[in-house]
Amino acid sequence: METLADKKSKKLLVINSIFIIAWLIIAAFPFIWTFLGSFKVREDFFSRSDWWYVISGFHTIIETGGRYTLNAFREAWIEGEFWYAARNSVIVTFFVVTISLFLGTLGGYALSRSPYRYAFWILIAALVFRAMPHITLVSGYLFPFFQLNIWGILPTTIIVLVAINQPFTLWLLYSFFKTVPKELDESGMIDGCSHFQAFRYIIMPVMWPGVITAGLFSLMLAYNDFTVTAMLLSYENHTLVPKLQSYLGTNQHEGNMMWAVSSVVSATAPLFMVVMFFQKQIISGLTTGAVKG
Amino acid sequence: MKHKTFFWFMLPTCVAMVLFIAIPIVSIFIQSLFIEHQKPSIEIEICDPFGCKKEIGVDVEAYAALNKEKPLGRFNGFKTYIDRNHLAFEELNEGWRNSKTVSEFSSIFFNLPFYKALIFTLTYTLFVTPSVICLGFIIALCINALSQKIKGPIIFVTILPMIVTPLMGSLVLFWMIDAEGIIGSTIQDLFNDPYLSLKASTKLTWITLITYGIWHHSPFAFIVFYSALQTVPQDPIEAAIIDGADRWQRIRHVVIPHLYPVAVFIALISMMDNIRVFEPILGFSAEASAQSFSWLIYNDLRNIEVMNFGSAASTSILTIIMVGILLTPVLVKTWREFGESR
């Protein structure tokens, strides 16, 4: 049904479309450009003389014979040991998501069902924790971790990422469980369940939309993290993002710039896939906190 | 929910947060009070065919033993906080007395690492946060007006800058605006100046970083505004139309008041993220002209051989204090609203 408010003038529509198109170009063009460039050799992507080389592949044809080459990818993944970093990223992401969801659902559920004042205080404390810059926390970890000899390994990093991620997960799942009617688990408890049983048999089957959203955010945090992984993992245990940074070198002309370009493309591709599939959940997750909380 | 059940449900998440967020903050504070040991010196006799010389060197063994015995270093009190790399009271005082003009003093002021970082972090936060709210709001209004069919793909493209990690996002842009990239070389051609580069001037670097910040954060503001727009009640808007309000007046007097609490939320989250700006500085290789607090801490810790725990910890504490000062007004507001709604 078209309401009165939906009627718009032609002029406004044109301005609107122009603005949207401009924004879409600004948002997407850098990624498209890097994607195109990753199939070329260094002289084409970083070309002083003519940026059109990124499309035409002038040097790529001279060096490899074809307009497109997978050399940058092959070298980064095999010589640059990007595959190993990818493996580490998969391990870290998987465990961070699983553990933070386990802790977060329990906590978020309890917070949403408690009428007492201390639940409110815990939520405010979580908000304050959320504001802590990660690098300040990292500077707190390093010294004790060196002393305890647990620096540099994957399990430590996983637990740290889980903890850093908890404030956000708690808030998100708290807002989600608020929308699940209380009567549901109360009716179960009247029938003689304990609170844990009510959670297990009544809440768990209906909580998946919220859990998927929270899981996606943990996934993005763990996969994208640079500060914690770069500082807490030893060089051979590095995940994708710190690995990529190590390709940059100190100077543009040293380092393996094309390795970095191809690994940016390899690292963003799975992320874009995930977002494409779960776009709705991500958007609903970002808004529950704002609109209902 | 009973206290006991609540306790068991909350236990794991609280243990995680206390162990890895609360205790590290205490640990930073303790570390900031200590400083690395002085290297004990020793007289060594170095003999070569031309005779023997006595030289003073570092007693490596004694130093190692000292470090093993007291790994934190020696107690230094609050002295690290006021040294040249942090609050630098002495330098400021001296600079104030010796400089004749304000500009002379300000050049001393801007050369102290802590204040340099303070100015950059504040400028970045204060420019990016409002711009993000404005741009996000405009995008949300525009996309909301589109037909349902094309909204999906457009939203997907819109949120791309947000989901990529800042390091990669800034690298992708950096490769384009650098002297050898498409935008950088075009600008050089336009101005006919082969040496024009964004890295060359502090001002341009700052503008680049702020532009990047807006590009990266706007999608977040967009999503929140967009979802909030779906909840704007239609009745007051229709009433406003009947009363003869034009589109701008409708937005100004009906939509914006409805979205105000949402804007506060975006401001809070966006400020939290902007104060910790760090990865773009690495991505744009802008260390020379733009340093943030996070970068200072990183710089103290990045070399595994010589880590300045004390210095990093002091900067961390000062950062946390600054985050506290900046966020208190918004936090108090959230607290009140949230407390009422419960």
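Procedures and definitions
Residues numbered from 1 in each chain as written. Chains lettered and ligands numbered in written order. Predicted model: local features only at pLDDT ≥ 70, side-chain atom pairs only at ≥ 80, totals over all residues. Heavy atoms only, no water. Phe/Tyr/Trp six-rings, centres within 6.5 Å; stacked < 30°, edge-to-face > 60°. Helix = DSSP H or I, 4+ residues; strand = E, 2+ residues; numbered from the N terminus. Buried < 20%, exposed > 50% of the residue type's maximum accessible area, 1.4 Å probe, protein only. Pairing = 2+ DSSP bridges. Contact = heavy atoms within 4.5 Å. Buried area = accessible area lost by both parts, 1.4 Å probe. Salt bridge = Lys/Arg side-chain N within 4 Å of Asp/Glu carboxyl O. Polar contact = N/O pair within 3.5 Å; in protein donor to acceptor, adjacent residues only side chain to side chain. Nonpolar A, V, L, I, M, F, W, Y, C, P; charged D, E, K, R; others polar. Axes fitted to C-alpha atoms, helices over the stretch in contact; angles between N-to-C directions. Parallel < 35°, antiparallel > 145°, perpendicular 65-115°, else oblique. Left-handed = near helix turned anticlockwise from the far one by under 90°. pLDDT = per-residue confidence, 0-100. Domains from an automatic or database assignment.

Asks: Teacher, can you tell me more about the packing of aromatic side chains here?
Replies: Note on aromatic pairs: each is described by the distance of the centres and the angle between the planes. Residues and elements named next belong to chain A. One pass over the structure, following the stated rule, counts 47 aromatic pairs over all chains. Their ring planes at 35° and their centres at 5.4 Å tell us that phenylalanine 39 and phenylalanine 73 sit as a pair that is tilted. Linking phenylalanine 39 in the loop between helix 1 (10-37) and helix 2 (42-45) with phenylalanine 73 in helix 5 (residues 71-79), this pair joins segments that are 34 residues apart in sequence. An angle of 20° between the planes, with centres 5.6 Å apart, marks the rings of tyrosine 116 and tyrosine 118 as stacked. You can call tyrosine 116 partly exposed: its relative accessible area is 35%.

Asks: Would you take a moment to explain the pairing of strand 2 (residues 41-48) of chain B for this structure?
Replies: Sheet faces and side chains relate simply in a regular strand, where the side chains alternate between the two faces. Residues and elements named next belong to chain B. Bridge analysis of strand 2 against strand 3 (residues 51-58) gives 8 bridges, and the strand direction is antiparallel. Counterpart to serine 41 in the pairing with strand 3 is valine 58. Taken together, strand 2 and the strand that follows it, strand 3, pair antiparallel across an intervening segment of 2 residues.

Asks: Mind showing me how you'd approach the interface of chain A and chain B here?
Replies: A common way to report how large an interface is uses the accessible area buried once the components associate. If you look at the interface, chain A gives 103 residues, while chain B gives 103 residues. Summing the contributions of chain A and of chain B, the shared interface buries around 9,600 Å²; its carbon and sulfur component is 78%. The interface formed by chain A and chain B includes 1 salt bridge. Salt-bridge contacts for Asp273(B) lead to Arg130(A); the nearest nitrogen and oxygen are separated by 3.4 Å. Joining chain A to chain B, the criterion identifies 12 residue pairs in polar contact (both at pLDDT 80 or more). It is helix 15 (residues 257-292) of chain A that provides the largest number of residues to the side of chain A that touches chain B, a total of 16 residues. Among the residues forming the side of chain A that touches chain B, the class breakdown is 75 nonpolar, 22 polar and 6 charged.

Asks: I'm lost on the packing of helix 3 (residues 89-98) of chain B against helix 4 (residues 102-111) of chain B in this one. Help?
Replies: Two numbers describe a pair of packed helices, the interaxial angle and the distance between the axes. All names here are of chain B. Running from amino to carboxyl end, helix 3 crosses helix 4 at an angle of 160°, the nearest separation of the two axes being 9 Å. By the criterion of interaxial angle, the relationship of helix 3 to helix 4 is roughly antiparallel. Both helix 3 and helix 4 take part in a crossing whose hand is right-handed. Packed against helix 3, whose contacting residues are Leu92, Gly95, Trp96 and Asn98, the element helix 4 presents Glu104, Phe105, Ile108 and Phe109 at the interface.

Asks: Mind showing me how you'd approach the confidence of the model for chain A here?
Replies: A low pLDDT means the predicted coordinates there should not be read in detail. Residue and element names in this part refer to chain A. Here chain A averages 84 in pLDDT, and 91% of its residues register 70 or above. Ranking the helices and strands of chain A by mean pLDDT puts helix 6 (residues 82-113) first, with 93, and helix 3 (residues 53-56) last, with 76. A low-confidence stretch, residues 1-5 (pLDDT under 50), is modelled with 10 contacts involving residues beyond four sequence positions or located in other chains.

Asks: How do you make sense of the domain arrangement of chain A when you look at a structure like this?
Replies: All names here are of chain A. The domain boundaries assigned to chain A delineate domain 1 (4-69) and domain 2 (75-292). Here the C-alpha centre of domain 2 lies 32 Å away from the C-alpha centre of domain 1. Taken together, the contact pairs 10 residues of domain 1 with 8 residues of domain 2. When domain 1 packs against domain 2, the two sides together hide about 740 Å² of surface, and 81% of this comes from carbon and sulfur. For domain 1, the biggest contributors to the area lost against domain 2 are Ser38, Arg42 and Phe46; these three give 58% of the whole. The interface formed by domain 1 and domain 2 holds 0 salt bridges in total. One can count 0 residue pairs in polar contact (both at pLDDT 80 or more) joining domain 1 with domain 2. Those elements that provide at least two residues to the side of domain 1 that touches domain 2 are helix 1 and helix 2. In terms of residue count, the dominant contributor to the side of domain 1 that touches domain 2 is helix 1 (4 residues). Broken down by class, the residue content of the side of domain 1 that touches domain 2 amounts to 5 nonpolar, 3 polar and 2 charged.

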